[in-house]
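Each chain is listed here by its residues.
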Amino acid sequence: MAACSMNKPSHLNWIELSQDALNKNILSLSKLAGNSTLTVCVKANAYGHGLSEIVAMLSERPEVDGLTVHSLEEAAQSRQAGWKRGLMLLGPFDTSQAEEIFHLDVEPTIFDKEQLEQLGQLSDKLNSNLKTHLKLETGTNRQGIRSNELSAFASIYQKYERLARPYGASMHFANIEDTTDHSYAQQQLGEFNEMLKKMENLGIAPTVRHTASSAALILLESTHFDLVRPGISVYGYWPSKETYLSYRHSGGDNDIFRPVLSWKTRITQLKVVPADSFIGYGCSYRTGSEAKLAVIPIGYYDGFGRNLSNLAYVLVKGKRAPVRGRVCMNLTMIDISDIPGVKVGDEVTIIGQSGSEVLTAKQLASWGESISYEVLARLSAATPRLAVD
Ligand SMILES: *Cc1c(COP(=O)(O)O)cnc(C)c1O
């Protein structure tokens, strides 16, 4: 495991992960999930938190029954990090990787007849049972299969006894996070229930039905079924402002999630620049008066997006320091004119708490016109991850 506890990181750029916050979020989600199986989505390097570090932390939580991943590479990494429980593949796989599915003991999501046929043949050849999940199309129009294709899938399932029938049936909502109006979600849910009935009539009734990502899990109990698949909320973020408002409007508690991740760096250079000086590429910022600037060794390579140029703030000694000029590939300039006593080597908080000030991925997302999902997912995998508390 790459994570280790340290009081004074020697790095210039690092990410801290709070086990306490992760525990709190898992307990909140476990309570919301009730009797449904709780899986945790660790795709996109565990939403930028670091896959092996998060898998190691989740291994300590008995509430978590399984992980969901996007790719077989992530599945292999999760097994390498010691994950022994359930592992579901949400995304596609290449035909050449099909045997890996058996070796890694992964439950693939199926949306392609040829691939199901191939897995059926392999289950015979390897004399090995396989749990598969059929992805049903209910209105997101991404990966699902349509109602009129179900009978073709049923005949494949009936041909291979080691696939006997689909273990799971799933769908994904298109419009829960982005709105407080859940009529489209209700319509998709209706379609899902119709397709489940059809599967039953075809003799392929699924054992595990699942639809709920974070927003559905938090807001609509009718979406929980047998298993839930939250991602963003595990890491302490609400899927959206709308989800938060809907939850609070229905009387839910304010304090059920806490961000797991903090991102920090150190000042590597200080300078005083005269009035009327341009700062950085493109001369996009010009000082109005003499200014004290600090250079920090992070840039868009590290996940501090160029869209934050001249917009974002970072925290130094519990105060906000504005970004001046364009964010570079590996460096960013900040203005510390109003913050006394700053020295080279002082800690800078990009995401997290400094004194009484807090910056979140959501705040960065709003400055950069993005969403917290993207800000987190784009954090560089090369940045060291350290477990704290
Ligand atoms: C990413 C993903 C999830 C998790 O979504 P969150 O909004 O992060 O909770 C669940 N299901 C599928 C199919 C996904 O792709």
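The text that follows walks through the structure, step by step, so that each part is easy to find. (Residues numbered from 1 in each chain as written. Predicted model: local features only at pLDDT ≥ 70, side-chain atom pairs only at ≥ 80, totals over all residues. Heavy atoms only, no water.)

## Some remarks on the overall build of the chain
Right, on to step 1. The helix and strand tally for the chain stands at 12 helices and 20 strands.
Right, on to step 2. Among the 389 residues that make up the chain, the fraction classed as buried is 54%.
Right, on to step 3. The contacts in the chain between residues at least 6 apart in sequence include a share of 67% that link residues at least 24 apart.
Right, on to step 4. Of the roughly 17300 Å² that the chain leaves accessible, carbon and sulfur atoms contribute 46%.
Right, on to step 5. Each charge class in the chain can be summarised by its mean position, and for the 39 positive and 42 negative side chains these summaries are 5 Å apart. (Helix = DSSP H or I, 4+ residues; strand = E, 2+ residues; numbered from the N terminus. Buried < 20%, exposed > 50% of the residue type's maximum accessible area, 1.4 Å probe, protein only. Contact = heavy atoms within 4.5 Å. Areas by Shrake-Rupley, 256 points an atom, 1.4 Å probe, with all protein chains shown as cover. Lys, Arg positive; Asp, Glu negative; His and termini not counted. Charge placed at Lys NZ, Arg CZ, Asp CG, Glu CD.)

## Re the site of the ligand
Right, on to step 1. Near the ligand there are 14 residues, and of these Lys43, Tyr47, Ser214, Gly231 and Tyr373 occur at the shortest range.
Right, on to step 2. Lysine 43 places a side-chain nitrogen or oxygen 2.7 Å from an oxygen atom of the ligand.
Right, on to step 3. Here an oxygen atom of the ligand sits 2.8 Å away from a polar atom, N or O, in the main chain of isoleucine 232.
Right, on to step 4. For the ligand, the accessible surface in isolation is 390 Å², of which the surrounding protein chains cover 93%.
Right, on to step 5. Cavity membership is defined here by more than half of the atoms lying within 2 Å of grid points; on that basis the ligand lies in the largest pocket. (Near = heavy atom within 4 Å. Polar contact = N/O pair within 3.5 Å; in protein donor to acceptor, adjacent residues only side chain to side chain. 1 Å grid on protein atoms, 1.4 Å probe; cavity = no way out; pocket = protein on both sides within 12 Å on 5 of 7 lines; lining within 4 Å. Sits in = over half its atoms within 2 Å of the grid points.)

## What to know about the layout of surface pockets
Right, on to step 1. Taken as a whole, the largest pocket spans an internal volume of roughly 980 Å³.
Right, on to step 2. Forming the boundary of the largest pocket are 38 residues, of which Tyr47, Glu177, Pro239, Ile371 and Tyr373 lie nearest the centre.
Right, on to step 3. Elements supplying a minimum of two residues to the lining of the largest pocket: helix H2 (43-47), helix H10 (241-249), helix H11 (361-367) and helix H12 (372-377).
Right, on to step 4. With 4 residues, H12 is the single largest residue contributor to the lining of the largest pocket.
Right, on to step 5. Residues of the lining of the largest pocket, tallied by class, amount to 14 nonpolar, 14 polar and 10 charged.
Right, on to step 6. Of the voids in this model, the second largest pocket is the one considered here, and its volume is about 310 Å³.
Right, on to step 7. Arg258, Pro259, Ser262, Gly352 and Gln353 are the residues nearest the centre of the second largest pocket, which is lined by 17 residues in total.
Right, on to step 8. Among the elements of the structure, strand S1 (13-18), strand S10 (261-266), strand S18 (347-354) and strand S19 (357-359) are those that each provide at least two residues to the lining of the second largest pocket.
Right, on to step 9. For the lining of the second largest pocket, the residue count by class is 8 nonpolar, 5 polar and 4 charged. (Points joined across faces, edges and corners; volume = space filled by probe spheres on them. Nonpolar A, V, L, I, M, F, W, Y, C, P; charged D, E, K, R; others polar.)

## A word on the pairing of S18
Right, on to step 1. The element S18 is extensively covered by neighbouring structure, given that 6 of its 8 residues are classed as buried.
Right, on to step 2. Inspection of the sheet shows S10 paired to S18 by 4 bridges, in the antiparallel sense. Bridge pairing in S18 places threonine 265 opposite valine 348.
Right, on to step 3. Where strand S15 (residues 313-316) meets S18, 2 bridges bridge the pair, whose relative direction is antiparallel. From the neighbouring strand, valine 316 faces S18, where its bridge partner is valine 348.
Right, on to step 4. Pairing geometry for S18 and S19, over 3 bridges, is antiparallel. Looking at S19, one finds that glutamine 353 is bridged to valine 358.
Right, on to step 5. What sits between S18 and S19 in their antiparallel hairpin is a turn of 2 residues, with glycine 355 showing a positive phi close to 60 degrees. (Pairing = 2+ DSSP bridges.)

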